[in-house]
Amino acid sequence: MVLIGSLATYLAFFSSGLGPGNWVVISEVFALSIRAKAMSIAILPNRITATIMASSFLSVAKALTWPGFFMLLCGICLGSCLFLYVYLPETAGKSLEEMAAYFAEITGDRSILDVEEKLHGGGGDLELNKIDQREVSTEMSSDQKGFNVANGALS
């Protein structure tokens, strides 16, 4: 009975947090011009991981025992939460253009902004005319604990 209760609790928390979170986050960070291709690439590791988990579930549970297996899953969920807290930028109230400008700034790659500008027309830089670059940098760096993608180091 404890095992069934533990499984139900795990599924309830996973289904309300990390489970659908993957789908929500990727739909909020990719610009419309690349969303379809970017989402398919982003979902690939999800499907590979799901396949590995499904195919190795029983053998890993047998090797670790059921309590050990659920502790492993708990550790994976906690590690995922920590990773998301540290590296995932806040997207609430931000437009797709603002997110594209943010990622262009931290990576030093303006190609997505150029593509968006060509698709939507207009003069000058797409979103950087509307948003002061320093404002984007300040807002995002205060929202997100410091990981500098440009040089791959924690700041």
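In what follows, the structure referred to is the one given above.
This one's a predicted model, so the numbers in the text were calculated from it and none came from an experiment.

This part takes up the overall build of the protein. Helices and strands together make up the secondary structure of the protein, namely 7 helices and 2 strands. Counting only residues that meet the buried cut, the protein has 20% of its 155 residues in that class. If you sum the accessible surface of the protein, you get close to 10,300 Å²; carbon and sulfur atoms cover 66% of it.

All right, on to a nonpolar patch on the surface then. Nonpolar side chains collect at one region of the surface, where Leu3, Leu58 and Trp66 lie side by side and expose about 310 Å² of accessible area between them. By relative accessible area, tryptophan 66 is classed as partly exposed at 36%.

Of all the residues in helix H6 (residues 111–120), the buried ones are Ile112, Leu113, Glu116 and Glu117. Buried residues of H6 fall within an arc of 140 degrees about the axis and therefore sit on the same side. With respect to the buried face of H6, the exposed residues turned more than 90 degrees away are Lys118 and Leu119.

Geometrically, a packed helix pair is captured by the angle between its two axes and the distance between the axes. Between helix H3 (residues 35–64) and helix H4 (residues 66–87), whose axes approach to 7 Å, the crossing angle comes to 130 degrees. Relative to H4, the element H3 is oriented oblique. Crossing hand, H3 versus H4: right-handed. When H3 is examined against H4, the residues Met53, Phe57, Leu58, Val60, Ala61 and Leu64 are found in contact with a partner set consisting of Trp66, Gly68, Phe69, Leu72 and Leu73. Class assignment of the residues belonging to the contact of H3 with H4 gives a composition of 10 nonpolar, 1 polar and no charged.

Counting residues in hydrophobic clusters, the biggest one holds 5 residues: Ala31, Ala100, Ala104, Ile112 and Leu113. Listed by contribution, the elements that provide at least two residues to this core are helix H5 (96–107) and H6. Apart from residues lying up to four places away in sequence, alanine 104 is in contact with Asp109, Arg110 and Leu113.

The residue threonine 65 is not glycine, and still its phi comes out positive at about 70 degrees. Assignment of secondary structure puts threonine 65 in the loop between H3 and H4.

Inspection of every chain in the model, using the stated rule, returns 7 aromatic pairs. Between tryptophan 66 and phenylalanine 69, the ring centres sit 6.3 Å apart and the planes meet at 90 degrees, which makes this aromatic pair edge-to-face. Placement of the pair is tryptophan 66 and phenylalanine 69 together in helix H4, with a separation of 3 residues, close to one helical turn. By way of ring pairs, the aromatic residues Phe57, Trp66, Phe69 and Phe70 are connected into one cluster.

What follows deals with the packing of helix H1 (residues 2–16) against H4. Orientation of H1 relative to H4, taken along the N-to-C sense of each, is 15 degrees, at an axis distance of 12 Å. The angle between H1 and H4 falls in the class roughly parallel. Considering only the axes of H1 and H4, their crossing is left-handed. Seen from H1, the contacting residues are Leu3, Leu7, Tyr10 and Phe14; seen from H4, they are Trp66, Phe70, Leu73 and Cys77. Along the lines of polarity and charge, the residues of the contact of H1 with H4 split into 8 nonpolar, no polar and no charged.

Conventions and cut-offs
- Residues numbered from 1 in each chain as written.
- Predicted model: local features only at pLDDT ≥ 70, side-chain atom pairs only at ≥ 80, totals over all residues.
- Heavy atoms only, no water.
- Helix = DSSP H or I, 4+ residues; strand = E, 2+ residues; numbered from the N terminus.
- Buried < 20%, exposed > 50% of the residue type's maximum accessible area, 1.4 Å probe, protein only.
- Areas by Shrake-Rupley, 256 points an atom, 1.4 Å probe, with all protein chains shown as cover.
- Patch = residues over 30% accessible without salt bridge, like charges linked within 9 Å, V, L, I, M, F, W, Y side chains within 5 Å.
- Salt bridge = Lys/Arg side-chain N within 4 Å of Asp/Glu carboxyl O.
- Arc of directions from axis to C-beta.
- Axes fitted to C-alpha atoms, helices over the stretch in contact; angles between N-to-C directions.
- Parallel < 35°, antiparallel > 145°, perpendicular 65-115°, else oblique.
- Left-handed = near helix turned anticlockwise from the far one by under 90°.
- Contact = heavy atoms within 4.5 Å.
- Nonpolar A, V, L, I, M, F, W, Y, C, P; charged D, E, K, R; others polar.
- Core = buried A, V, L, I, M, F, W, Y, C linked by side-chain atoms within 4.5 Å.
- Phe/Tyr/Trp six-rings, centres within 6.5 Å; stacked < 30°, edge-to-face > 60°.

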